[in-house]
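# Understanding the architecture of this molecule
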Amino acid sequence: MRAWILGILLVIVGMVLAVGLWLLGYHLTGKWAFNHWKAQRVAMGDRLDWKDLVPPPEPSEQNFAEAPLIKAAILGQGKVDPRFQALAIPKGAAEAMGAWQEGRKDDLVAIAQSYGTKDLQAAFRPLEGVLEELDQASQRPASRLPIDYQEWEIPALLGFRGVVRTLRIRALANLRAGHPDQALEDLRTCFRVAEHLKVEPYLLSALLRSAILNIAMQVVWEGTEEHLWKVSHLAVIQDDLSKIDLLRTEIAMWQGERQGFITL
């Protein structure tokens, strides 16, 4: 009787050991397979760690996102700088804006009426100082949002579309008034703002960058359609556009979103 019980116990112990060894082997094989897959993905350029995804730290004075006018709008904590808010277009202006993809030009007469004036240049004069500050901020060489990337803090990018629309309207007003140099300056400010978002690993940042570029392209198209650009301006625009890599932003965004969901 005791031998029979001992035999059963030995069989049970043997089965437990066999299952344990199988699980251990399965775990080690799976771990090896994962590490092998990870090494392959990294070799292909994939990034699987936050430290490889986020922009590197930058000195505050070189960081676009740390410029006083920009920082409050990015953080979304407390009130946005009222000067930044003042750059938003008035109600009614958006309806008068065209769409370069459809061949529709901005109706500057209707837009001027939404500003309560017939002279758009006069409407923009009170904003010259803050627009100049925005331009100076955009010329900073780098950008890193003041957020906690490790905790996947979603950036609150407030009001940037409205600001870029204002730059677009002023640029078009200058183009039609025969001032392409000033128009080019505002267009390039739009491009630089968009480019500062290119390395951010967030869907919202990628969407905002695409929206900014789409808004700015109206100026490129109208100036080309009406032959308002000089050859020198077109050369600068072509050079700026050739440096814009939309695919890089999409890759960084999807890698970041994947890592964010893994973190959650």
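Placed above this text is the structure.
Read on for a plain summary of the structure. Quantities reported herein were computed from a predicted structural model and do not represent experimental measurements.

### What about the overall build of the protein chain?
Counting secondary structure elements, the protein chain contains twelve helices and zero strands. Across the protein chain, helices and strands are ordered from the amino to the carboxyl terminus as α-α-α-α-α-α-α-α-α-α-α-α. For 264 residues, the compact-globule estimate of 2.2 N^0.38 gives 18 Å, and the protein chain exceeds it by more than 25% at 28 Å. Summarising its shape, the C-alpha atoms of the protein chain cover approximately 110 × 40 × 35 Å along the three principal directions. Across the 264 residues of the protein chain, 39% fall into the buried class. Of the contacts formed within the protein chain by residues at least 6 apart in sequence, a portion of 77% connects residues at least 24 apart. In the form shown here, the protein chain has an accessible surface area of approximately 15100 Å², with 61% of it arising from carbon and sulfur atoms.

### A short note on helix α10 (residues 203-225)
Taking 1.5 Å of rise per residue, the 23 residues of α10 would be expected to cover 33 Å, and the 33 Å separating its terminal C-alpha atoms lies within 8% of that figure. Phi turns positive one or two residues past the end of α10, at H227, with a value near 55°.

### Brief notes about the packing of aromatic side chains
In total, this model carries three aromatic pairs according to the counting rule given. Relative to F124, the ring of Y115 has its centre 5.5 Å away and its plane inclined at 70°; by these criteria the two rings are edge-to-face. Residue class for F124 comes out buried when judged on its relative accessible area of 1%.

### A short note on unusual backbone geometry
One non-glycine residue, H227, lies in the positive phi region at around 55°. Take H227: its relative accessible area is 69%, and that puts it in the exposed class.

### Considering the nonpolar core
Proteins that are soluble and globular tend to have nonpolar side chains buried together. With 60 residues, the main nonpolar core has I70, F160 and L187 as its most contacted residues. Among the elements of the structure, α2 (50-53), α3 (68-75), α5 (108-114), α6 (120-124), α7 (128-138), α8 (160-176), α9 (180-195) and α10 are those that each provide at least two residues to this core. Setting aside anything within four residues of it in sequence, one finds I70 in contact with F64, A65, F84, L134, A137 and F160.

### A short note on the environment of L134
One can find L134 in helix α7. Spatially, the C-alpha atom of L134 lies 9.8 Å from that of C190, the residues being 56 residues apart in sequence. Other than its neighbours up to four places away in sequence, L134 contacts L69, I70, V163, L167 and T189.

### Here we look at the pattern of salt bridges
Overall, the coordinates contain twelve salt bridges when judged by the stated rule. A salt bridge links R83 to E133; the shortest N-O distance between them is 2.6 Å. Of this pair, R83 sits in helix α4 (residues 82-85) while E133 sits in helix α7; the two residues are 50 residues apart in sequence, bridging distant segments of the chain. For R83, a relative accessible area of 35% puts it in the partly exposed group. You can call E133 partly exposed: its relative accessible area is 26%.

### Quick look at the packing of α8 against α9
One way to put it is that α8 packs onto α9 with a least axis distance of 7 Å and a crossing angle of 160°. With respect to α9, the element α8 is oriented roughly antiparallel. Considering the relative orientation of α8 and α9, their crossing is left-handed. On the side of α8, the interface is formed by F160, V164, L167, R170, A171, N174 and L175, while α9 contributes P180, Q182, A183, D186, T189, C190 and V193. Its residues placed into classes, the contact of α8 with α9 shows nine nonpolar, three polar and two charged.

### Focus on α7
Every buried residue of α7 is accounted for by V130, L131, L134, D135, A137 and S138. Axial view of α7: buried residues confined to an arc of 160°, hence all on one face.

### Here we look at the packing of α9 against helix α11 (residues 231-242)
It is the contact of α9 with α11, at a shortest axis distance of 11 Å, that shows an interaxial angle of 5°. Taken as axis vectors, α9 and α11 run roughly parallel relative to one another. Of the residues in α11, those in contact with P180, D181, L184, L187, R188 and F191 of α9 are H233, V236, I237, D240 and L241.

Scoring rules and cut-offs
Residues numbered from 1 in each chain as written. Predicted model: local features only at pLDDT ≥ 70, side-chain atom pairs only at ≥ 80, totals over all residues. Heavy atoms only, no water. Helix = DSSP H or I, 4+ residues; strand = E, 2+ residues; numbered from the N terminus. Rg over C-alpha atoms; globule rule 2.2 N^0.38 Å. Buried < 20%, exposed > 50% of the residue type's maximum accessible area, 1.4 Å probe, protein only. Contact = heavy atoms within 4.5 Å. Areas by Shrake-Rupley, 256 points an atom, 1.4 Å probe, with all protein chains shown as cover. Expected span 1.5 Å × (residues − 1). Phe/Tyr/Trp six-rings, centres within 6.5 Å; stacked < 30°, edge-to-face > 60°. Core = buried A, V, L, I, M, F, W, Y, C linked by side-chain atoms within 4.5 Å. Salt bridge = Lys/Arg side-chain N within 4 Å of Asp/Glu carboxyl O. Axes fitted to C-alpha atoms, helices over the stretch in contact; angles between N-to-C directions. Parallel < 35°, antiparallel > 145°, perpendicular 65-115°, else oblique. Left-handed = near helix turned anticlockwise from the far one by under 90°. Nonpolar A, V, L, I, M, F, W, Y, C, P; charged D, E, K, R; others polar. Arc of directions from axis to C-beta.

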